[in-house]
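# Architecture at a glance
Read off the chains here:
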Amino acid sequence: MAGQKIHSAKRKRFITNSVVHVILGILALIWVFPVIWVVLTSFRAEQGSYVSTFFPRSYTLDNYIRLLTDTTILNFPQMFLNTLFIAVFSCILSTFYVLAASYCLSRLRFKMRKPYMNMAMILGLFPGFMSMVAVYFILKALGLSEGNLIKLALILVYSGGAALGFQIAKGFFDTIPMAVDEAAILDGCTRWQIFTKITLPLSKPIVVYTTLTSFMGPWVDFIFAKVICRANSDQYTIAIGLWNMLQKEYIDSWYTCFAAGAVLISIPIAALFLYMQRYYVDGLSGAVKG
Amino acid sequence: MGILKKRVNEFPTPYTCMNAIKKGGIETKLSMVLMGFGNIVHGQMMKGLLYLALEVVYIVFMILTGVHCLAMLPSLGSVEQQEYWDEATQVYMYTKGDQSVLILLYGVATVLITVLMVLAWRGTLRSAYKAECLAKEGRHVNNFVEDLKTLLHENLQKLLMTPPMVFIFLFTILPLIFMICMAFTNYSKIDDHLMLFDWVGLDNFAALFDSSSILGSTFWSVLAWTLVWAFFATFSNYIFGMIVSLLINRKGTRAKGFWRFCFVLSCAVPMFVSLLIMRTMLQPEGAVNVLLRNLGLIAQDASLPFFTDPTWARVTVIVINVWVGVPYTLLQLTGVLQNIPEDLYEAAKVDGANAVQIFFKITLPYMLYVTTPYLITTFTGNVNNFNVIYLLSGGDPVTDLGSTAGKTDLLVTWLYKLTIDKQYYNIGAVIGIMTFIILAIAALVTYHNSKSYKEEGGF
């Protein structure tokens with residue numbers, strides 16, 4: 001009698017488990033499908049955006065070769081370097097700003113602390129690029145809207161509001177016990193030393209997370225780059241380039257190259273993401289063991 | 001150690017501006033006119049000279065351009081650009097007319113600089129008074145090097161916060177004030193006010209609220225759709241992400257890492273790329289329709305109207321937003337879900353609750369309690385979710401040819417179309433302000449009613 005009961009419970013669990021796995025399998029397929037499709041398209045030999053088969057009829061590397069060598073219409077290598085340059089520098093700036101602001105708001109008590117946090121909340125409610133036109137005018141007034149200075153302009157714009165996004169890093173710093181700081185001060189540390197020698201090393205996950213997000217913002221941003229670059233095609237970033245490839249005049253001849261470009265810019269992000277996945281989850285849930 | 005602990009009476013100090021004016025000695029009072037004078041008298045040479053230099057720079061700036069900028073602000077310029085025939089070079093030339101945009105920008109910038117100057121003026125008074133008091137009491141007055149050293153310790157916030165603040169001022173606050181000012185002008189392509197424009201008060205707001213005009217009716221329909229979109233986009237992602245996360249993390253599931261990998265993989269493709277791909281796939285002749293035709297599910301010449309029928313388009317963008325958003329939600333919620341106390345679940349199981357009941361009675365309430373701030377941010381993010389709409393549907397379909405917005409346009413994408421494509425800068429600015437007001441109200445109401453606010457009293 002009892003054995004039968006255990007048996008049926010086991011069977012029930014087996015059925016639920018199988019159902020869950022089937023559901024997960026279907027969902028995973030839905031989520032992975034477009035990714036696979038892009039990868040397949042990037043190796044497809046037939047040109048054009050509309051095909052009747054899921055798997056390409058023949059495979060080729062020409063799309064990648066053309067993307068990297070054909071620089072007459074859309075200069076992909078140049079765009080790649082532009083984007084890398086902009087992303088690296090604005091990543092350094094924004095990471096520093098975010099961490100510095102979060103540290104101050106979390107560990108120091110000063111008069112502007114509450115007003116600053118309220119201001120950040122209010123500014124966060126305005127649509128991000130409501131002021132885009134105004135930013136463009138300001139950049140123009142500063143003389144940054146032409147030639148290579150556009151890169152500098154983009155770096156400034158991307159890191160401009162960075163310090164307003166301090167919430168996650170601040171939340172993490174909040175979990176580090178105050179006792180650590182107090183002990184360090186008793187030992188004669190200055191607060192600057194605490195920041196650089198204690199807080200930052202203790203907060204590896206959030207430093208990684210901040211760096212990652214600050215790098216990815218400029219790396220994949222499309223709209224600011226488009227408004228600020230305007231017609232300066234030598235300053236285009238990858239996002240604008242890829243977007244152009246899908247415009248009516250290019251889509252038929254460039255569609256497979258678009259897929260190749262998409263794969264190329266996804267590889268660094270994918271690598272970073274997989275490597276940082278652990279930190280990403282830890283960073284958000286705040287997990288320093290004091 | 002005092003500064004580490006939160007006090008009820010935060011930061012009391014005798015060295016205030018009022019005290020300086022009331023009780024300060026002659027050298028402190030003179031600092032009101034000659035900034036930094038008090039510091040110089042009390043041996044803080046470098047600091048005093050810096051204040052003085054600041055004052056000189058400000059005065060020179062005001063004389064050279066500042067006063068002119070401020071004087072032009074009320075009228076926003078009136079000299080029109082003229083065309084004339086240049087005999088010498090035999091071409092038409094243009095005289096330099098006033099450009100209202102630049103006048104407005106410089107005016108706003110001057111006002112902001114003046115505000116900063118007032119703050120510096122208060123700073124010099126306080127510091128002069130402090131130096132005076134310390135000197136009177138016979139205590140040590142910091143010299144410049146010592147002052148610099150405090151930046152690494154007591155005043156670390158000044159060192160760390162100043163660079164970000166400069167950037168925020170220049171690239172967030174100044175442009176924002178500038179745009180808000182535009183909402184009260186007639187700066188738009190209508191009636192050709194692109195070069196010269198005037199203040200018009202609240203006319204633009206009146207035009208937007210007038211529901212009999214095209215603009216007014218468009219505004220209300222776009223607003224309604226924006227709110228519907230934000231609601232569904234936020235909660236569909238939230239609940240779906242939570243379910244997926246629970247499925248992956250439940251005890252019986254094998255290969256948890258693999259499943260998570262599948263979902264995270266789609267994060268690796270930048271959002272704009274996956275959105276553009278989705279867009280091409282869902283076109284009338286796109287991959288999805290071709291696939292459906294080949295499978296015989298729809299007729300050979302038929303295609304599903306993903307972006308051509310208003311209702312289809314709206315559902316499509318919400319569904320695709322789930323595809324885009326769930327991996328991120330998954331990453332963000334997994335940690336929180338694992339923090340739910342295990343004994344709650346065990347107690348529920350002992351009482352005979354099934355999975356669905358547990359989800360709705362324990363998981364969901366707990367999550368709502370913990371993640372209200374997260375939900376508010378997501379909601380705000382969705383109201384301002386430019387990328388998904390712009391890259392996916394571009395606001396299409398436009399059913400009413402007279403209006404400037406399509407059926408899936410949000411306030412933000414409409415704002416973009418109005419400012420960048422149509423150059424109706426003033427209306428765009430008004431929409432921006434309205435978006436802000438709506439979000440502010442929504443955020444305040446939900447935040448104040450949420451349990452996490454009431455019981456914990458803030459962040």
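Residues numbered from 1 in each chain as written. Chains lettered and ligands numbered in written order. Predicted model: local features only at pLDDT ≥ 70, side-chain atom pairs only at ≥ 80, totals over all residues. Heavy atoms only, no water.

### As for the overall build of chain B
The line we're drawing: The way it works is that DSSP assigns letters per residue, a run of H or I at least four long becomes a helix, a run of E at least two long becomes a strand, and they are numbered from the N terminus. All radius of gyration figures rest on C-alpha atoms, and the globule criterion is 2.2 Å times the number of residues raised to 0.38. Here, two residues are considered to be in contact whenever any of their heavy atoms come within 4.5 Å of each other. In these tables, accessible area is a Shrake-Rupley quantity obtained with a 1.4 Å probe, and a residue counts as shielded only by the protein chains included in the view. Positive residues here are Lys and Arg, negative ones are Asp and Glu, while His and the chain termini are left out of the count. Taken as the charge location is NZ of Lys, CZ of Arg, CG of Asp or CD of Glu.
Looking only at helices and strands, chain B has 19 helices and 2 strands in total. Here chain B has a C-alpha radius of gyration of 30 Å; the compact-globule value for 459 residues is 23 Å, and the former is much larger. Overall size of chain B, expressed as C-alpha extent along the three principal axes, is 90 × 80 × 40 Å. Relative to all contacts within chain B whose residues are 6 or more apart in sequence, the contacts with residues 24 or more apart total 64%. Split by element, the accessible area of chain B, about 22800 Å² in all, is 66% carbon and sulfur. Taken together, the 31 basic and 31 acidic charged side chains of chain B have centroids lying 15 Å from each other.

### Topic: the pattern of salt bridges
Residues and elements named next belong to chain A. Put simply, the test is: One speaks of a salt bridge when a side-chain nitrogen belonging to Lys or Arg is within 4 Å of a carboxyl oxygen belonging to Asp or Glu.
What the rule picks out here adds up to 8 salt bridges over all chains. Between arginine 57 and glutamate 46 there is a salt bridge, with the nearest N and O atoms lying 3.9 Å from each other. Placement of the pair is arginine 57 in the loop between α1 (2-42) and α2 (62-69) and glutamate 46 in the loop between α1 and α2, with a sequence separation of 11 residues.

### Quick word on the packing of helix α9 (residues 214-249) of chain B against helix α10 (residues 256-268) of chain B
Axes are the key here: two packed helices are described by the angle between their axes and the distance separating the axes. Residues and elements named next belong to chain B. Short version of the rule: Every axis in this analysis is a line fitted to C-alpha atoms, fitted for helices over the stretch in contact. Angles between the N-to-C directions lie between 0 and 180 degrees. Comment on the angle field: the value is read as roughly parallel under 35 degrees, roughly antiparallel over 145, roughly perpendicular from 65 to 115, and oblique elsewhere. For this classification, the nonpolar set comprises Ala, Val, Leu, Ile, Met, Phe, Trp, Tyr, Cys and Pro, the charged set comprises Asp, Glu, Lys and Arg, and every other residue, Gly included, is treated as polar.
As a packed pair, α9 and α10 sit with axes 9 Å apart at the nearest point and diverge in direction by 155°. With respect to α10, the axis of α9 lies roughly antiparallel. Facing α9, whose interface residues are Val244, Ile248 and Asn249, α10 presents Lys256, Trp259, Arg260 and Phe263. When the residues that make up the contact of α9 with α10 are grouped by side-chain class, the tally is 4 nonpolar, 1 polar and 2 charged.

### Observations concerning the domain arrangement of chain B
Using the following cut-off: Those domain boundaries reflect an automatic or database domain assignment.
Domain boundaries assigned for chain B yield domain 1 (14-81 + 94-182) and domain 2 (204-456). The C-alpha centroid of domain 2 of chain B is placed 45 Å from the C-alpha centroid of domain 1 of chain B.

### Re the interface of chain A and chain B
The accessible area lost on association of the parts is a frequent measure of interface size. This is how the line gets drawn: Buried area: the accessible area, evaluated with a 1.4 Å probe, that two parts lose upon being put together, summed over both parts. Definition of a polar contact: a pair of N or O atoms within 3.5 Å, with one able to donate and the other able to accept a hydrogen when the atoms are protein atoms, and with sequence-neighbouring residues admitted only if both atoms are side-chain atoms.
The interface is formed by 93 residues belonging to chain A together with 91 residues belonging to chain B. Interface area, chain A with chain B, both sides summed: about 8800 Å², of which 82% is carbon and sulfur. Considering only the surface of chain A that becomes buried against chain B, Trp31(A), Leu125(A) and Met130(A) emerge as the three largest contributors, covering 10% of it. Here chain A is connected to chain B by 0 salt bridges. On inspection of chain A and its partner chain B, the count reaches 5 residue pairs in polar contact (both at pLDDT 80 or more). Examining the composition of the side of chain A that touches chain B, we find that 17 residues originate from one element, α1(A), more than from any other. For the side of chain A that touches chain B, the residue count by class is 71 nonpolar, 14 polar and 8 charged.

### Considering the pairing of strand β2 (residues 91-94) of chain B
Residue and element names in this part refer to chain B. Put simply, the rule reads: For two strands to pair, DSSP has to find at least two bridges joining them.
Where strand β1 (residues 83-86) lies against β2, 4 bridges are found, and the strand directions are antiparallel. Across the sheet, glutamate 83 pairs through a bridge with tyrosine 94, a residue of β2. In this antiparallel pair of consecutive strands, β1 and β2, the connection spans 4 residues, and glutamine 90 shows a positive phi of 60°.

### Looking at a nonpolar patch on the surface
Residues and elements named next belong to chain A. Inclusion rule: Patch construction takes residues with relative accessible area above 30% that form no salt bridge. Like charges are linked within 9 Å, and nonpolar side chains (Val, Leu, Ile, Met, Phe, Trp, Tyr) are linked within 5 Å. The buried label applies to any residue whose accessible area, calculated with a 1.4 Å probe on protein chains only, is under 20% of its type's maximum; exposed applies above 50%, and partly exposed to all values in between.
Together, Leu81, Leu84, Phe85, Val88, Phe89 and Ile92 give the surface a local cluster of nonpolar side chains, amounting to about 540 Å² of exposed area. Of note, leucine 81 is situated in helix α3 (residues 76-107). Residue classification places leucine 81 among the exposed residues on the basis of a relative accessible area of 57%.

### Regarding the domain arrangement of chain A
Residues and elements named next belong to chain A. One can read the domain layout of chain A as domain 1 (2-62) and domain 2 (74-285). Distance from the C-alpha centre of domain 1 to the C-alpha centre of domain 2: 34 Å. Of the residues lining the interface, 10 residues belong to domain 1; the matching set on domain 2 comes to 9 residues. Joining domain 1 to domain 2, the criterion identifies 0 salt bridges. Its residues assigned to classes, the side of domain 1 that touches domain 2 comprises 3 nonpolar, 5 polar and 2 charged.

### Some thoughts on unusual backbone geometry
Residue and element names in this part refer to chain A. In this model, arginine 230 sits at a positive phi of 50°, which is unusual for a non-glycine residue. Along the chain, arginine 230 falls in the loop between α11 (223-229) and α12 (238-245). In this structure arginine 230 comes out as partly exposed when scored by relative accessible area, which is 45%.

### Quick notes on the side chain of Thr185(B)
Summarising the element assignment, Thr185(B) is placed in the loop between α7 (156-182) and α8 (203-209). Within polar-contact distance, the side chain of Thr185(B) engages the backbone nitrogen of Tyr187(B) at 3.3 Å.

### Details of the side chain of Ser393(B)
Residue and element names in this part refer to chain B. By the element assignment, serine 393 lies in the loop between α16 (386-392) and α17 (411-421). Of note is the side chain of serine 393, whose polar atom sits 2.8 Å from the side chain of threonine 408. With sequence-adjacent residues up to four places away left out, serine 393 is seen in contact with Phe307, Val317, Val388 and Thr408.

### Looking at the confidence of the model for chain A
All names here are of chain A. Heads up, the condition is: Per-residue confidence from the prediction method is given by pLDDT, with values spanning 0 to 100.
Predicted confidence across chain A gives a mean pLDDT of 83, with 91% of residues reaching 70 or more. Here helix α13 (residues 251-285) stands out as the element of chain A with the lowest mean pLDDT, 75, in contrast to α3, whose mean of 92 is the highest. Ignoring residues within four places in sequence, the model shows residues 286-290, a span with pLDDT below 50, making 9 contacts including any to other chains.

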